[in-house]
Amino acid sequence: MKSALIDKLNLVADGLADQGYAIIDGFLSPEEVQSILQLDGFQNGNSQFKKAGIGKHGDKQINESIRGDYILWVDRTSEGPAIQSYLSKLNELITFVNQNLFLSMKDYEVHMTIYPPGSYYNRHLDQFKKDDHRKLSVICYLNENWKEDEGGQLRIYLSDKHLDIFPMAGRLVCFRSDLLEHEVLRATRPRYSLTGWILDQHAELRHL
Ligand code: OGA
Ligand code: MN
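Residues numbered from 1 in each chain as written. Chains lettered and ligands numbered in written order. Predicted model: local features only at pLDDT ≥ 70, side-chain atom pairs only at ≥ 80, totals over all residues. Heavy atoms only, no water.

Participant: Teacher, can you tell me more about the site of ligand 1 here?
Facilitator: Close to ligand 1 lie Y115, Y121, H124, D126, I139, Y141, L154, H182, V184, R191, T195 and W197. Measuring from an oxygen atom of ligand 1, one finds a side-chain N or O atom of H124 at 3.2 Å. At a separation of 2.8 Å, an oxygen atom of ligand 1 approaches a polar side-chain atom of H182. Protein chains bury 99% of the 290 Å² of accessible surface belonging to ligand 1 in isolation. At the level of elements, β5 (121-124), β6 (134-141), β10 (182-184) and β11 (191-199) are the ones that each hand at least two residues to the shell around ligand 1. Element by element, the count of residues in the shell around ligand 1 is highest for β11, at three residues. Here the residues of the shell around ligand 1 are counted per class, giving seven nonpolar, three polar and two charged. (Near = heavy atom within 4 Å. Polar contact = N/O pair within 3.5 Å; in protein donor to acceptor, adjacent residues only side chain to side chain. Areas by Shrake-Rupley, 256 points an atom, 1.4 Å probe, with all protein chains shown as cover. Helix = DSSP H or I, 4+ residues; strand = E, 2+ residues; numbered from the N terminus. Nonpolar A, V, L, I, M, F, W, Y, C, P; charged D, E, K, R; others polar.)

This is how it looks when you write it as C-alpha cells:
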C-alpha cells in the first residue's frame, strides 16, 4: 500500500477510536474527483438515479420531507477504473481498521449521490432497526470550489454540540453508523458524493 494512503487510514482509525468520527481532506486527489464526476451517472444529471427511500425492503418508503437525494448504487463488477480505484481504497480501509481497531468488517456498499439544490436529509442514524450490519458510514465529497455560503453541510450531532462539515471535493468523512446522528443541510447548488457503509456482513448476503 502507498504510504500516503496509510497516513490517511491512520487518521481514520485514530478519529474513530478517539471520537467516533474522522474527517480526512485530500482522500481523493482533484484528478480522482474529476474522473468520478465525468462518469455518465453524474454527467447525465440524475436521469439514471433514483429517488432515495428510507427504511429497508418492505418498510421502504419515499418521503420527500425526510430526504431529497437521488442515488445510483455502485455495481462493483461493472464499474470502470475511476470507481474501482475508490473501491480498492475502501478495501484497504477495511483491512486497516480490522487490524488496528480489532474489528471484523467484511464488505461495503456504496452509492453515488446527488442532492439537488434545496434538498436535504433530516436528522437520522444510518443503522436500521432491523439491520445493524452497517457499522461505519463513509462519505466522500466531489464538489469543487464549494463555498461555505452555499450550505450543504453534513451536521453531526455529538453529545454536547454539533459539528458542521462542508462537502469539499476529495474530503472523506467516516463515522460510527450506530452512534452518531447527523443531517444534511440544504445547499444552493447540486451536491455530489459517494456514500457508503462498511459492513460486518458480505454485501451479497444483504438482499436475500
Ligand atoms: C446518508 C447521509 C450524509 C452526507 O446518506 O445517510 O447521511 O453528507 N449522507 O451526504
Ligand atoms: Mn446518513
